[in-house]
Amino acid sequence: MKARVTVMLKSGVLDPQGEAVRHALGSLGFAGVNGVRQGKVIELDLAETDAARAETAVKAMCEKLLANTVIESYRVELL
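What counts and how
Residues numbered from 1 in each chain as written. Predicted model: local features only at pLDDT ≥ 70, side-chain atom pairs only at ≥ 80, totals over all residues. Heavy atoms only, no water. Pairing = 2+ DSSP bridges. Helix = DSSP H or I, 4+ residues; strand = E, 2+ residues; numbered from the N terminus. Axes fitted to C-alpha atoms, helices over the stretch in contact; angles between N-to-C directions. Contact = heavy atoms within 4.5 Å. Expected span 1.5 Å × (residues − 1). Buried < 20%, exposed > 50% of the residue type's maximum accessible area, 1.4 Å probe, protein only. Arc of directions from axis to C-beta. Polar contact = N/O pair within 3.5 Å; in protein donor to acceptor, adjacent residues only side chain to side chain. Core = buried A, V, L, I, M, F, W, Y, C linked by side-chain atoms within 4.5 Å.

## With respect to the sheet that holds strand E3 (residues 72–78)
In spatial order, the strands read E2-E1-E3; together these three strands make up an open sheet with antiparallel pairing. At either margin of the open sheet sits one strand with a lone partner, and together these are strand E2 (39–45) and E3. Direction aside, neighbouring strands of the sheet carry axes that sit 20 degrees apart on average. Both strand E1 (residues 2–9) and E2 contribute to a ladder of seven bridges, which runs antiparallel. Bridging from a neighbouring strand, Ala3 pairs with Leu44 of E2. Set on the sheet, helix H2 (residues 51–66) makes contact with E1, E2 and E3; between it and E3 the angle comes to about 155 degrees.

## Details of helix H1 (residues 16–27)
Taking 1.5 Å per residue as the helical rise, H1 with its twelve residues ought to reach 16 Å, and the 16 Å between its terminal C-alpha atoms agrees with that figure. Gly29 occupies a position one or two residues after H1 and carries a positive phi of about 95 degrees.

## Points about H2
Taking 1.5 Å of rise per residue, the 16 residues of H2 would be expected to cover 22 Å, yet its terminal C-alpha atoms sit only 19 Å apart, more than 12% below that figure. Ala54, Val58, Cys62 and Leu66 are the residues of H2 that are buried. The buried side chains of H2 occupy one side of the element, clustering within an arc of 80 degrees when seen end-on. Across H2 from its buried face, at more than 90 degrees, point the exposed residues Ala52, Arg53, Thr56 and Lys64. Next to the buried residues of H2 lie E1, E2 and E3. A distance of 3.3 Å separates the backbone nitrogen of Ala52 from a side-chain oxygen at the start of H2, and that oxygen is part of Asp50.

## Section: the environment of Ala24
When you line up the elements, Ala24 lands in helix H1. With a relative accessible area of 36%, Ala24 lands in the partly exposed category. In this structure, the C-alpha to C-alpha distance between Ala24 and Lys10, residues 14 residues apart in sequence, is 23 Å.

## Overview of the nonpolar core
One finds Ala3, Val5, Val7, Ile42, Leu44, Leu46, Ala54, Val58, Cys62, Leu66, Ala67 and Val76 forming the largest nonpolar core, which totals twelve residues. Among the secondary structure elements, those contributing two or more residues to this core are E1, E2 and H2. Among the elements that line this core, the one with the most residues is H2, at four residues. The residues contacting Val7, other than those within four sequence positions of it, are Gly39, Lys40, Ile42, Leu66, Ala67, Glu72, Ser73 and Tyr74.

This is how it looks when you write it as structure tokens:
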């Protein structure tokens, strides 16, 4: 089973990388981009075959390692 985890900074947390991308897009002539939030996508190939157990395991991985839950939120998708 595969899982995809999307990790993003929470609303209200400054995103300097996103701001740098927004500025660079403007410099390249892409006007009208008012904001950019940058995150990360992590794809996991799991041995687990039970969807509920896989989701529970991936959420535990996020809480312990994959996301800094103080400043980041995450979304788990089973594929």
